[in-house]
Structures are given as structure tokens and as C-alpha cells.
Amino acid sequence: MIRHIIAAIATLLALWAMVFMYQLDQKAERFRQIQEIIEKSKQEVPVQKTTQPIQQIEESSVEEQMKKEEDEVAKKLKALRERAGSAMAFKVSPLYKQKCSSCHGVNGEGAIGPSLIGKSEADLYKALTDFKSGVRKNYVMYGLLAKMSDADLKALSEEIATFEEKLKAAAE
Ligand code: HEC
């Protein structure tokens, strides 16, 4: 009996030692990685210094450049929004507006996603259910539809199928 207990304790000790060694190994590996990163960062500094001798000026110009780019993006977004607002030919449901218009356009005319104008209700519903079930593979559409109910998909198909008529009516 006692021999068994001693054997068990010895086994436990051996296991503990193994875990301990493994953790040490991991720590050593992490340390090595950190050292590698430090080495790399050391290598990059002199390169920057030789190409850009005046570090401070370079930093401020990077900031300026970033600010410029941010301003440009903001301007473009504003222009897009204005265009979207004025291009809106007819009202859409809040569901379409919230979930679909950013990619398919305020009136289904297409942007990042393809135009949805002129598609039949049946085709739209089939596309949506195929995306949702994964039969048709598209991560964007799949992720979006996974959380939507079948009733939503039906309603959206029905609504989008009327877009062509509404666009024509608005153009007259
Ligand atoms: C983040 C962008 C994005 C959003 C939001 C989005 N879609 Fe799409 N959609 C796409 C892209 C990209 C495709 C093309 C995928 C493909 O053909 O594989 C697509 C394809 C489709 C198609 C198939 C069109 C065709 O020509 O076969 C339908 C229908 C559709 N979307 C409806 C919707 C509806 C309804 C919503 C709102 C619930 C929506 N989409 C929201 C990007 C988006």
C-alpha cells in the first residue's frame, strides 16, 4: 500500500517537473522572441537615420501627411453622403437602409455589392437563402444574413423587387 502511495507521489512529482520544464521552455522562447524584436528594431533605426537625418522634421511631416489623408477621407465620405442623399429617388424600408444600402446603394443601384435593380422577388429570395445556408459562398453576405429571420429575407426580396418600378416612376 505505502509503496503504491510513494509511486503515485513520485509520478505526480515527475509530471510537475515536466510541466515546470515546459513552462521554462516557453518563457525562454518568449524571451528569445522579444530579443529578436529588439534586435530588429535596432537594425531599423540606423537605416532611418541615414535616409532621414533630421528625425523631428520627418515625424511632423508624417503627422501632417496623416492629417491630410484623414481630411481627404472625411471629404470623400461627405461627398458620398451628399450624393447618396440627393440620389435617393424613393424611400426604402429601415431594414434595407440599415443593413443593405451601404453596399448595394440607397436604391439598390449597387456600390461595393452588385446592383439589385431588375431582379425578381424569387431570384432575390433564392440568392439570400443560398447565401444564408452557405450554398452560395460569400462571407460578407453570409455574416450579415446569418442573424436575419426568414421573414426578413422574404420582406427584403419583396421590397427590392419593386425597386426597378419605383426608379422608373421617380425618373418620369
Ligand atoms: C458589406 C457589404 C454588403 C452588404 C451590407 C450587403 N451586401 Fe449583398 N452583396 C455584397 C456582395 C459583395 C455581393 C456579391 C457576392 C457574390 O456575388 O458572391 C452581394 C450579393 C448580393 C445579392 C446577389 C446579387 C446577384 O447579383 O446575384 C443579393 C440579392 C444581395 N447581395 C442582397 C443583399 C441584401 C438584401 C442585403 C441587406 C440585408 C445585402 N445584400 C447587404 C455585399 C453586401
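Residues numbered from 1 in each chain as written. Predicted model: local features only at pLDDT ≥ 70, side-chain atom pairs only at ≥ 80, totals over all residues. Heavy atoms only, no water.

- For the protein chain, an unreviewed UniProt entry supplies the name Cytochrome c domain-containing protein and the organism Hydrogenimonas cancrithermarum.

## Overview of the overall build of the protein chain
So, step 1. A tally of regular secondary structure across the protein chain gives eight helices and zero strands.
So, step 2. Ordered by position from the N terminus, the helices and strands of the protein chain form the series α-α-α-α-α-α-α-α.
So, step 3. Going through the 172 residues of the protein chain one by one, you find that 16% of them count as buried.
So, step 4. Across the protein chain, the fraction of contacts at a sequence separation of at least 24, relative to all contacts at a separation of at least 6, is 45%. (Helix = DSSP H or I, 4+ residues; strand = E, 2+ residues; numbered from the N terminus. Buried < 20%, exposed > 50% of the residue type's maximum accessible area, 1.4 Å probe, protein only. Contact = heavy atoms within 4.5 Å.)

## Thoughts on the pattern of salt bridges
So, step 1. The full count for this structure, using the stated rule, is five salt bridges.
So, step 2. With its nearest N and O atoms 3.0 Å apart, the salt bridge here joins E29 to R32. With E29 and R32 both in helix α1 (residues 2–51) and three residues apart, this pair spans about one turn of that helix.
So, step 3. A salt bridge links K67 to D71; the nearest nitrogen and oxygen atoms lie 3.7 Å apart. Of this pair, K67 and D71 are both found in helix α2 (residues 55–87), four residues apart, which corresponds to roughly one turn of the helix.
So, step 4. It is possible to trace a salt-bridge network through shared partners that takes in E29, R32 and E36. (Salt bridge = Lys/Arg side-chain N within 4 Å of Asp/Glu carboxyl O.)

## Quick word on a nonpolar patch on the surface
So, step 1. Together, M1, I5, I9, L13, W16, F20, M21 and L24 make up an exposed nonpolar region whose accessible area comes to about 910 Å².
So, step 2. If you trace the backbone, M21 turns up in helix α1.
So, step 3. A relative accessible area of 53% places M21 in the exposed class. (Patch = residues over 30% accessible without salt bridge, like charges linked within 9 Å, V, L, I, M, F, W, Y side chains within 5 Å. Areas by Shrake-Rupley, 256 points an atom, 1.4 Å probe, with all protein chains shown as cover.)

## Looking at the packing of aromatic side chains
So, step 1. Throughout the structure, instances matching the rule amount to three aromatic pairs.
So, step 2. Seen from their ring centres, Y96 and F163 are 5.1 Å apart, and the 90° between their planes marks the pair as edge-to-face. Of the two residues, Y96 sits in helix α3 (residues 94–99) while F163 sits in helix α8 (residues 163–171), which places them 67 residues apart along the sequence.
So, step 3. A network of ring pairs unites the aromatic residues F90, Y96 and F163 as a single cluster. (Phe/Tyr/Trp six-rings, centres within 6.5 Å; stacked < 30°, edge-to-face > 60°.)

## Digging into the nonpolar core
So, step 1. Y96, L128, L145, L156, I160 and F163 are the most contacted members of the largest nonpolar core, which has 16 residues in total.
So, step 2. Contributing elements (two or more residues each) for this core: α5 (121–133), α6 (139–145) and α7 (150–160).
So, step 3. The element contributing the most residues to this core is α5, with four residues. (Core = buried A, V, L, I, M, F, W, Y, C linked by side-chain atoms within 4.5 Å.)

## Concerning the site of the ligand
So, step 1. Around the ligand sit 21 residues in total, of which C100, C103, H104, R136 and M141 are the nearest.
So, step 2. At 2.7 Å, a side-chain N or O of H104 approaches a nitrogen atom of the ligand.
So, step 3. Between an oxygen atom of the ligand and a side-chain N or O atom of R136, the distance comes to 2.9 Å.
So, step 4. Sorting the residues of the shell around the ligand by element identifies α4 (101–104), α5, α6 and α7 as the ones contributing at least two each.
So, step 5. When its residues are assigned to classes, the shell around the ligand shows 14 nonpolar, four polar and three charged. (Near = heavy atom within 4 Å. Polar contact = N/O pair within 3.5 Å; in protein donor to acceptor, adjacent residues only side chain to side chain. Nonpolar A, V, L, I, M, F, W, Y, C, P; charged D, E, K, R; others polar.)

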